[in-house]
Structures are given as structure tokens and as C-alpha cells.
Amino acid sequence: MRSHFYKSASRVARSLLSSSKNSSHFLPEGRAVAATAVVSLRGNAQYLASLGRSNASASWLSSALALPAAVYMLQDQEAQAAEMERTFIAIKPDGVQRGLISEIVSRFERKGFKLVAIKVVVPSKDFAKKHYHDLSERPFFNGLCDFLSSGPVVAMVWEGEGVIRYGRKLIGATDPQKSEPGTIRGDLAVVVGRNIIHGSDGPETAKDEISLWFKPEELVSYTSNAEKWIYGDN
């Protein structure tokens with residue numbers, strides 16, 4: 001009976017997590033999953049109680065009823081890791097001048113991320129100041145803005161599950177000397193002042209940078225034929 005109980009709870013958890021992952025809208029709170037699991041567990045609890053189980057069984061049952069908390073945590077982690085999101089990526093003037101556009105784009109494509117906006121622009125210094133506004137108090141701010149506005153920049157928006165966090169991993173550390181081999185900066189850059197690429201560092205930053213560089217109508221929504229082979233449906 002104990003083995004059957006755990007298998008039942010496990011099936012409930014996996015089923016709910018699977019359905020939330022494949023849904024176009026993620027559950028806003030893992031509590032919804034936990035609540036459903038509680039209902040399933042209570043049904044088993046009432047059945048076991050009717051059989052007049054011992055105190056040992058009651059203790060085990062109490063522990064089993066704590067499973068929804070684990071389900072809640074697991075669902076939240078799953079949703080956070082798997083949420084479809086967008087990030088802003090820019091190939092800086094040095095990357096453009098060195099002919100690295102196709103190399104950088106291909107790394108995001110090979111990972112499985114989807115390009116939903118791209119354009120080539122030469123930003124003004126005032127625009128660069130808006131982009132780097134959070135660094136305005138740093139001593140290198142002026143030079144940073146001068147560099148970003150010194151030539152063409154390839155501005156892009158990429159979409160995918162976990163694209164913000166993993167996009168940063170693809171890019172590598174700010175200092176190329178500290179970037180791991182296999183990352184864009186680790187393989188293609190040498191010094192901090194010429195690290196060839198920029199990527200949003202979080203959801204709020206991504207939202208702000210996308211709205212700064214792109215108009216809403218410049219962003220494209222579509223389903224790639226490759227998505228079923230990247231994410232699956234089971």
C-alpha cells in the first residue's frame with residue numbers, strides 16, 4: 001500500500017508539471033499544483049484511515065502529506081527554468097568590424113534559440129547613454145558610450161526557454177580573459193574594452209533594452225518548424 005501511495009503521488013506531480021510545461025501559460029504560483037496534489041493525497045489518506053492503520057502508518061501518512069510542498073518547489077523551479085522568454089543581444093562595433101556577425105548568430109541558432117528581431121544601426125552617443133544609464137556613475141561611462149556609438153551595431157532579440165540566463169553563458173564573462181573556452185568572449189575576444197557583444201543580464205533589463213532598441217512592430221512572433229525537435233511535446 002505504501003509503495004502504491006508514493007507512486008500515485010509521484011504520478012500526480014509529474015502529470016501536473018508536464019501539463020504546465022506544455023501549456024502556453026505557466027501557472028502563476030506553484031501552490032495551484034500543490035493544492036491539486038493535496039486533494040489526491042487526501043483521498044488516499046481517508047482510505048487508509050478507514051482501514052484503521054497504526055500510529056506508525058499515521059506518522060508515515062503525515063510525512064507523505066508534506067509531498068505537496070516538494071511538488072510546489074519543483075514546479076516553481078521547472079517553470080523558472082523553462083519559461084519562454086526574450087533577451088536583447090547586441091554585437092558591438094568591434095564584433096561587426098571583425099566580421100563576427102555570422103559566427104555569433106550561428107551560436108545562438110545552434111543552441112536552439114529563435115531570432116525574432118534584428119537590425120543594423122549606428123547609435124548616437126545620447127542613445128548609448130540611455131543604453132548604459134545604469135553605469136552613468138562609473139569612471140569608464142564616457143568611453144563606453146563613445147565606443148558603442150563609434151560604428152554599426154547589430155541589435156537582436158532572441159527567444160527561447162531560459163534564453164536570458166543561458167544567453168549570458170554563451171557570451172561569457174565581461175572580461176574575456178576570465179571567460180571559459182567555448183564561450184563567445186572566451187573564444188573571440190581578448191580585452192574588456194573590446195569584448196564584442198552585449199547581452200541582457202535579467203528579465204527586467206531585457207524588457208527595458210528591447211523596448212529601447214526596438215519598436216513593438218519590429219518584433220516578430222512565429223513558430224519555428226524546429227521547435228518540436230528542440231522542446232518536444234511529451
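Residues numbered from 1 in each chain as written. Predicted model: local features only at pLDDT ≥ 70, side-chain atom pairs only at ≥ 80, totals over all residues. Heavy atoms only, no water.

K.L.:
When you look at the UniProt feature "active site" (unreviewed entry) in the protein in this model, what are you seeing that I'm missing?
P.N.:
Mapped onto this numbering, the UniProt entry gives "active site" (unreviewed entry) at His 198. Here His 198 shows up in strand S4 (residues 197-199). (UniProt positions renumbered as here; feature names shortened; annotations may be inferred. Helix = DSSP H or I, 4+ residues; strand = E, 2+ residues; numbered from the N terminus.)

K.L.:
What exactly am I supposed to notice about the packing of aromatic side chains here?
P.N.:
Any pair of aromatic rings gets described here by the distance separating the centres and the angle formed by the planes. For the coordinates displayed, the defined rule picks out five aromatic pairs. A centroid spacing of 6.4 Å and a plane angle of 45° characterise the contact between Phe 108 and Phe 113, whose relative ring orientation is tilted. Taking relative accessible area as the criterion, Phe 108 reaches 0% and is therefore assigned buried. Through a chain of ring-to-ring contacts, three or more aromatic side chains come together here, namely Phe 108, Phe 113, Trp 158 and Tyr 166. It is Lys 114 that lies over the ring of Tyr 222; its NZ or CZ is 4.8 Å from the centre. (Phe/Tyr/Trp six-rings, centres within 6.5 Å; stacked < 30°, edge-to-face > 60°. Buried < 20%, exposed > 50% of the residue type's maximum accessible area, 1.4 Å probe, protein only. Lys NZ or Arg CZ within 6 Å of the ring centre and 35° of its normal.)

K.L.:
Help me out: how do you make sense of the nonpolar core in this one?
P.N.:
Note that soluble globular proteins tend to have their nonpolar side chains buried in a common cluster. Among the nonpolar cores identified, the biggest contains 20 residues, and Ile 104, Phe 108, Trp 158 and Ile 197 are the most heavily contacted of them. Contributing elements (two or more residues each) for this core: strand S1 (84-91), helix H6 (101-111), strand S3 (153-161), helix H9 (163-171) and helix H10 (184-188). Apart from residues lying up to four places away in sequence, Ile 197 is in contact with Ile 89, Ala 90, Lys 92, Ile 104, Phe 108, Ile 171, Ile 184 and Arg 185. Judged by nonpolar contacts, the second largest core, of 16 residues, contains Ala 90, Leu 135, Ala 155 and Phe 214. (Core = buried A, V, L, I, M, F, W, Y, C linked by side-chain atoms within 4.5 Å. Contact = heavy atoms within 4.5 Å.)

K.L.:
So what exactly am I meant to see when it comes to the sheet that holds S3 here?
P.N.:
In a beta sheet, neighbouring strands are held together by backbone hydrogen bonds and run either parallel or antiparallel to one another. With antiparallel pairing, the four strands of this open sheet are ordered in space as S2-S3-S1-S4. The open sheet has two edge strands with one neighbour each: strand S2 (114-121) and S4. Across this sheet, the average inter-strand angle for adjacent strands is 20°, counted without regard to direction. In the sheet, S2 pairs with S3 via seven bridges, with the strands oriented antiparallel. Pairing of Lys 119 across the sheet is with Ala 155, part of S3. In the packing of H6 onto the sheet, contacts are made with S1, S3 and S4, and the angle to S3 comes to roughly 10°. On top of the sheet, helix H11 (residues 203-213) reaches S1, S2, S3 and S4; it is set at about 60° to S1, its chief contact. (Pairing = 2+ DSSP bridges. Axes fitted to C-alpha atoms, helices over the stretch in contact; angles between N-to-C directions.)

K.L.:
Sorry if this is basic, but what is going on with the pairing of S3 here?
P.N.:
On any regular strand, side chains alternate: one points to one face of the sheet, the next to the other face. Most of S3 sits out of view: eight of its nine residues are buried. The pairing of S1 with S3 spans eight bridges and is classified as antiparallel. Paired with Ile 89 across the strands is Met 156, a residue of S3.

K.L.:
Just to check I follow, could you spell out the side chain of Ser 106 for this structure?
P.N.:
One can find Ser 106 in helix H6. On the basis of relative accessible area, Ser 106 is assigned to the buried category, the value being 18%. Within the local environment of Ser 106, its side chain forms a polar contact with the backbone oxygen of Glu 103, the two atoms lying 2.8 Å apart. (Polar contact = N/O pair within 3.5 Å; in protein donor to acceptor, adjacent residues only side chain to side chain.)

K.L.:
Whenever I open this one, the confidence of the model for the protein confuses me. Can you help?
P.N.:
Confidence along the protein averages 79 in pLDDT terms, with 65% of residues attaining 70 or more. In this model residues 1-10 is a low-confidence stretch, pLDDT under 50, and it forms 18 contacts with partners more than four residues away in sequence or in other chains. With pLDDT under 50 throughout, residues 19-42 is counted as low confidence; its partners more than four residues away or in other chains account for 41 contacts. (pLDDT = per-residue confidence, 0-100.)

K.L.:
In this structure, what is going on with the side chain of Lys 114? I would like to understand it.
P.N.:
By the element assignment, Lys 114 lies in strand S2. There is a polar contact of 2.7 Å between the side chain of Lys 114 and the side chain of Glu 227. Apart from the residues lying within four places of it in its own chain, the contact partners of Lys 114 are Val 157, Trp 158, Glu 159, Tyr 222, Thr 223, Ser 224 and Glu 227.

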